[in-house]
Amino acid sequence: MNAYPRINIHLDTITDNTKNMVSVCANHNVKPAGVTKLACALPEVANAILAGGITLLADSRLSNLRKIKHLRAQTLLLRLPALSEVEEVVEFADISLNSELVTLQALSKAAQAQGKRHQVIVMHDLGDLREGGFFAEETLALCREATHLPGIELVGLGTNLACYGGVEPSSSNQSQLVALARQVEADNQLTLQYVSGASSAGLGLMMRSELPEGVNQLRLGASLLMGIGLNDDPVPHTRQDTFQLEAEIIEIKVKPSVP
Ligand SMILES: *Cc1c(COP(=O)(O)O)cnc(C)c1O
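Basis of the calculations
Here the residue numbers are simple positions, counted from 1 along each chain's written sequence. Predicted model: local features are reported for residues with pLDDT of at least 70 only, side-chain atom pairs are reported and counted for 80 or more only, and whole-chain, interface and lining totals are derived from all residues. Heavy atoms from the whole structure form the basis of all side-chain values; hydrogens and water molecules are not counted. Put simply, a salt bridge is a Lys or Arg side-chain nitrogen that is within 4 Å of an Asp or Glu carboxyl oxygen. For every residue, the accessible area (1.4 Å probe, protein chains only) is compared with the maximum for its type, and the residue is labelled buried under 20%, exposed over 50%, or partly exposed between those bounds. Strand pairing is defined by DSSP finding a minimum of two bridges between the two strands. Runs of E in the DSSP output that reach at least two residues are strands. Runs of H or I that reach at least four are helices, and both are numbered from the N terminus. Throughout, an axis means a line fitted to C-alpha atoms (over the contacting stretch in the case of helices), and angles, computed between N-to-C directions, take values from 0 to 180 degrees. Residue contacts are defined here by distance: any two heavy atoms, one from each residue, within 4.5 Å place the two residues in contact. By convention, a crossover is right-handed whenever its connection, traced from the first strand over the helix to the second and viewed with the strands pointing away, goes clockwise.

Turning to the pattern of salt bridges, a few remarks are in order. If you walk through the whole model with that rule in mind, you get 10 salt bridges. Of the charged contacts, one joins arginine 79 and glutamate 85 as a salt bridge, the two residues approaching to 2.8 Å between their closest N and O atoms. Taking relative accessible area as the criterion, glutamate 85 reaches 15% and is therefore assigned buried. The shortest N-O distance in the salt bridge between arginine 208 and glutamate 210 comes to 3.5 Å. Overall, the relative accessible area of 36% leaves glutamate 210 in the partly exposed class. Each member of the salt-bridge network shares a partner with another, and the members are Glu137, Arg144 and Asp187.

See below:
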């Protein structure tokens, strides 16, 4: 189609970026989730990510998750559910990020009504001031409650960094997360499937082999789709020329900048 302006998306490059990140992550025992919100979960883009070897797709909007529900992938809602939308959360997301007991209780009811088991990753705040409790005791108590709710399965512990407060992922804050995850496991006699440490902003730490053992998930969006990570710097082993804006020039004239 000759409609301008338009964005050409190089899906093969997104697949290559994903393949490379999946393989670099595997060297560090990390299995990335593929974040689709940068492209509003356009199914073609989601498929390009899946073709690169990712099995879990993550997005911050339910309307986006709805668009990719038909794809063969697990889905993760990348933010805290609102109480008014727990039914849709259970319908469109296999996993969600959580920090409030009332929300977990509502998700539990919705999951039971739909005959499903909804998986939850409990979030802990390591200083970025986004979601989750600050105190270990608070997070441990919430995890304990989560394991007792029917229809709910506690599958992980996570944290968000380099987002609201600009606190970078570090070996120190990532180690705190791993230690807390081990405590949750001991406390509840279970094994957590996910210790979800950071976004693309954590790739540098991982590539320098400074990501502590035990962090096994990074949530990757910008690195797969645009080849960038912390501070929007290029990520090694990725290409940045994935999206190309194309427009027609309708006038070429040289003019002074002041009227
Ligand atoms: C958007 C988002 C990500 C992905 O961040 P990128 O910088 O695009 O990799 C990870 N985690 C959460 C919670 C997000 O909202």
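Moving on to the sheet that holds strand β7 (residues 152-158). Hydrogen bonding along the main chain pairs the strands of a sheet, whether they run parallel or antiparallel. Reading around the circumference, β2-β3-β4-β5-β6-β7-β8-β9 is the order of the 8 strands in this closed barrel, with parallel pairing throughout. Sheet twist, expressed as the average angle between the axes of neighbouring strands with direction ignored, equals 30 degrees. The pairing of strand β2 (residues 33-35) with strand β3 (residues 56-59) spans 2 bridges and is parallel. Directly across from valine 35, in β3, lies its bridge partner alanine 58. Taken strand by strand, helix α6 (residues 136-147) contacts β5 (95-98), β6 (118-123) and β7, and its axis lies near 155 degrees from that of β7.

Two faces make up the sheet, and in a regular strand the side chains alternate between them. Burial analysis of β7 places 6 of its 7 residues in the buried class, the great majority of the element. Of the strand pairs in this sheet, β6 and β7 are connected by 6 bridges, and their pairing is parallel. Considered in β7, the bridge of histidine 118 is made with isoleucine 152. With respect to chirality, the unit in which β6 leads through α6 into the neighbouring parallel β7 is right-handed. As defined by bridge partners, β7 adjoins strand β8 (residues 194-198) across 3 bridges and the pair is classed as parallel. Looking at β8, one finds that leucine 157 is bridged to valine 195. In the classification by handedness, the crossover that spans β7, the intervening helix α7 (residues 171-188) and the parallel β8 is right-handed.

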